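Coordinate inspection notes
Given next are the chains, with one letter for each unit.
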Amino acid sequence: MILKPRLEDIKNIGFYLGRIIVGLGLTMLVPILIGLAFGEINPTLDFIIGIEITLIFGLILQKVCFTEKDLNWMQGMIVVSLSWLVAMALGAIPLYLSGHWKSYLDACFDAMSGFATTGLTLTQDLDHLPYAHNLWRHLIMFIGGQGIVIITLSFFVRGFSGAFKMYVGEARDEKILPNVINTSRFIWLVSITYLILGALALGVVGILNGMKSVNAFFHGACVFMAAFDTGGFTPQSQNILYYHSLPYEVLTVIIMILGAINFKLHYHIWTGNRREIYKNIETVTLFITIMITFLITAVGLKQFGVYSQAIVLFRKGFYQLISGHTGTGYQTIYAAQFINEWSDLALVGVICAMALGGAVCSTTGAIKMLRIGIIFKALKEDLKRIMLPERTIVIEKFHHIKKVFLEDRQVRSALLITLSYLVLYGLGTIIGMFYGYPFLNALFESTSAAANVGLSCGITNVNMPAALKVTYILQMWTGRLEFMSIFTLIGFLVAAIKGK
Amino acid sequence: MMRKPKVKRQKAKVHNNDFIFYFYLVLLTFSFLLLPFICSAQPLSSTELIKNARQYDGKTVVYEGEVIGDIMRRGDYAWINVNDGENAIGIWLPNSLVKETSYTGSYKSKGDVLEITGIFHRACTEHGGDLDIHGQAIRKTSPGRQIQERLNPGKRSLAIILLGILSLVWISTLLKRK
């Protein structure tokens, strides 16, 4: 028998959702300050309206649903899944008010793409976008990459035991420090430290490239936020091609890889345990999958003679591949070039890389390296069982911060999530094909959306069907939260309708 | 006696016709030879160039659009990015040609619209495989300008009304706590 949710459940969910909304609203102060600094009157007003609506909504929710009770698992999961939808709807308000998005749905698409660190965009006339809006696009990637809930836990919450439930709901099942709030704060410490260093480095390269110093540092900060959070937005419409600079490409590759590494690994590197990089199952798997997918891509590019020189083939092929593998979506070629010039084999290489993703507890999306490593280890264990004498006890181990014995529970979980991702990629592909797009194009765009990558072969544009925009929004949301909190929300809604 | 001049006249007429025929033939041949140059004198769109990059690779093209973002000087040359409303393409130009550019497109300015004649590269080996145009000549077809931003009264009124509502909600929250 399904039990109908109680009023207490709804009140608890509403109260904590209200808290997160207020926290999110306060982040709009940053673009307001930027708008004032650059003397942008109407863009500043867009954010004042945005922050007001967000705070009104958040405060009313907190007042109406006031409770002192803590969250249980179900409520925590629902708060997370709903907070991402509400963040999209509220974060899209200032974008829509700017007039650079054709419809509110398009603004929602970009807001979800930003929060989920995807990078697909429907912005109109991006090259004339105000600084305030451009910063907001990148800031929501920075917030979403770390996690909307994490920012609230880090800065706006003094501590409650329900925090861990929300932390897990946001696809982070690994605690770096014993306390989840301290873990959140550590994640922000890492991110902000890298932000300062990365923005400075990109800013200096920008100046050396001939950019005005204000623009160089503004672009530096924006590009860092999107690269480290494996997002993929850029302040200009040409993406990374705008800069025409090898040092810029090298720096962004480094930042993308840093973003694809587990925060737990960052902690160990910071605390002096550098050997962990070479031993960790995730970094080893990442290295192997990069090599394999790059080999596929390079052979595909060579077959068609896409690039006449090996160095050019490496520069173009490796950049798009790393960008896809880390889930960033930065491009140094035009979207149409993927389809018009790259061979099917090269595209398959990039699609595989996008589908695999980076490390768990990082800012990337997709299946992720730990799961791939575990599945591979399980396969190895089963092969050993078949090949060795029956009496042999086969034990498989892997190194992830410490030595871990492979258990069926881990394998089951890894396989379930992998299967869920494959279904999600497939569903988006079928819907894309339903609207008349060829199989490979539809698969490419669907994988890019669901794995929160942002590389595009040209399907994502203002004129694509509204239903496909909604499909990609749902894929980005589901892919970022890794299913569990979304399944819980669906279960909750079913219980609300059918429960007794 | 009377017929001879008529034959001569007829022969002259035949010669005239031949001349006109050959003249048209030569003209037609030259027209065909000049056709690609005449065609390329019409600006091509960025979508056309990107879509048919192999076809235009290494050819002289004319491209027109608004200069956006920064002018990035690199030694004797500079990069400008020119947006025709569909996409922006990087143009590699000698510094001397960039001098004409006064405005570049941003939120606060409309950039100069330039007509660029240059060699199109699908994957420029000089620039790491980038799709670009090496500009040889530019012409400003429309000058840029500063954009004067005017306060949107509708947005201002909405912001004030929402501020009032927010204050009321906030006060009511504080009252309940007390």
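Residues numbered from 1 in each chain as written. Chains lettered and ligands numbered in written order. Predicted model: local features only at pLDDT ≥ 70, side-chain atom pairs only at ≥ 80, totals over all residues.

**Regarding the overall build of chain A**
Each helix and strand in chain A was counted, giving 22 helices and two strands. A compact globule built from 500 residues should have a C-alpha radius of gyration of about 23 Å, and chain A, at 22 Å, falls within 12% of that. Dimensions of chain A along its principal axes, counting C-alpha atoms only, are 65 × 60 × 50 Å. The buried share among the 500 residues of chain A stands at 58%. For chain A, restricting intrachain contacts to residue pairs at least 6 apart in sequence, the fraction spanning at least 24 positions comes to 74%. (Helix = DSSP H or I, 4+ residues; strand = E, 2+ residues; numbered from the N terminus. Rg over C-alpha atoms; globule rule 2.2 N^0.38 Å. Buried ≥ 20, exposed ≤ 12 C-beta atoms within 10 Å, placed from the backbone. Contact = placed C-beta atoms within 7 Å.)

**Some remarks on the environment of I32 of chain A**
All names here are of chain A. On the secondary structure map, I32 appears in helix α2 (residues 29-37). Residue I32 is classed as buried on the basis of its C-beta count, with 20 C-beta atoms lying within 10 Å. Distance from I32 to A132, taken between C-alpha atoms, is 6.8 Å for residues 100 residues apart in sequence. Setting aside residues up to four positions removed in sequence, I32 forms contacts with T44, F47, I48 and I51.

**Quick word on the interface of chain B and chain A**
Counting residues at the interface gives 42 residues for chain B, matched by 42 residues for chain A. Contributing elements (two or more residues each) for the side of chain B that touches chain A: α2 (46-51), β1 (60-74), β2 (77-83), β3 (88-94), β6 (130-142) and α5 (153-177) of chain B. With 13 residues, α5 of chain B is the single largest residue contributor to the side of chain B that touches chain A. A class-by-class count of the residues in the side of chain B that touches chain A yields 19 nonpolar, 14 polar and nine charged. (Nonpolar A, V, L, I, M, F, W, Y, C, P; charged D, E, K, R; others polar.)

**Re helix α12 (residues 263-270) of chain A**
Quick reminder: α-helices carry 3.6 residues per turn. Residues three or four places apart thus point the same way. When α12 of chain A is considered as a whole, its buried residues turn out to be F263, K264, L265, H266 and Y267 of chain A. Looking at the residues trailing α12 of chain A, positive phi occurs at G272 of chain A, about 100°.

**Side note on the sheet that holds strand β5 (residues 113-124) of chain B**
Reading around the circumference, β1-β2-β3-β6-β5 (chain B) is the order of the five strands in this closed barrel, with mixed pairing throughout. Direction aside, neighbouring strands of the sheet carry axes that sit 55° apart on average. (Pairing = 2+ DSSP bridges. Axes fitted to C-alpha atoms, helices over the stretch in contact; angles between N-to-C directions.)

**Regarding helix α3 (residues 41-64) of chain A**
Helix length check: α3 of chain A, at 24 residues, gives a terminal C-alpha distance of 35 Å against a target of 34 Å (1.5 Å per residue), a fit within 8%. The element α3 of chain A is largely enclosed, with a buried count of 17 among its 24 residues. (Expected span 1.5 Å × (residues − 1).)

**A few points about the packing of helix α18 (residues 369-387) of chain A against helix α19 (residues 408-434) of chain A**
All names here are of chain A. At a closest axis distance of 9 Å, the pairing of α18 and α19 adopts a crossing angle of 125°. By the angle between their directions, the pair α18 and α19 is classed as oblique. Note on packing geometry: the crossing formed by α18 with α19 is left-handed. Facing α18, whose interface residues are R371, I374, I375 and A378, α19 presents Q410, V411, A414, L415, I417 and T418. Of the residues assigned to the contact of α18 with α19, the class counts are seven nonpolar, two polar and one charged. (Parallel < 35°, antiparallel > 145°, perpendicular 65-115°, else oblique. Left-handed = near helix turned anticlockwise from the far one by under 90°.)

**Looking at the environment of V462 of chain A**
Residues and elements named next belong to chain A. With respect to the helices and strands, V462 occurs in the loop between α20 (439-450) and α21 (466-481). In this structure, the C-alpha to C-alpha distance between V462 and G426, residues 36 residues apart in sequence, is 23 Å. With residues near it in sequence (within four places) discarded, V462 still touches K102, D106, L122 and Q124.

**Remarks on the nonpolar core**
All names here are of chain A. Counting 177 residues, the largest nonpolar core has M112 and F115 as its most contacted members. The element best represented in this core is helix α4 (residues 73-97), accounting for 14 residues. Residues contacting M112, with those up to four places away along its chain left out, are M88, I473, M476 and W477. (Core = buried A, V, L, I, M, F, W, Y, C linked by C-beta atoms within 7 Å.)

**Focus on the packing of α3 of chain A against α4 of chain A**
All names here are of chain A. The N-to-C vectors of α3 and α4 enclose an angle of 155°; their axes lie 8 Å apart at closest approach. Compared by their axis directions, α3 and α4 come out roughly antiparallel. As α3 runs across α4, the sense of the crossing is right-handed. Here α3 contributes D46, F47, I49, G50, I53, T54 and F57 to the contact with α4, which in turn contributes L90, I93, P94 and L97. A per-class count over the contact of α3 with α4 returns eight nonpolar, two polar and one charged.

**Quick look at the environment of Y425 of chain A**
All names here are of chain A. One can find Y425 in helix α19. Assessed through the 23 C-beta atoms surrounding it within 10 Å, Y425 is described here as buried. Y425 sits 18 residues away from L443 along the chain, and the two C-alpha atoms are 7.0 Å apart. Sequence-distant contacts of Y425, that is, excluding residues within four places in its chain, are made with A355, S446, T447 and A450.

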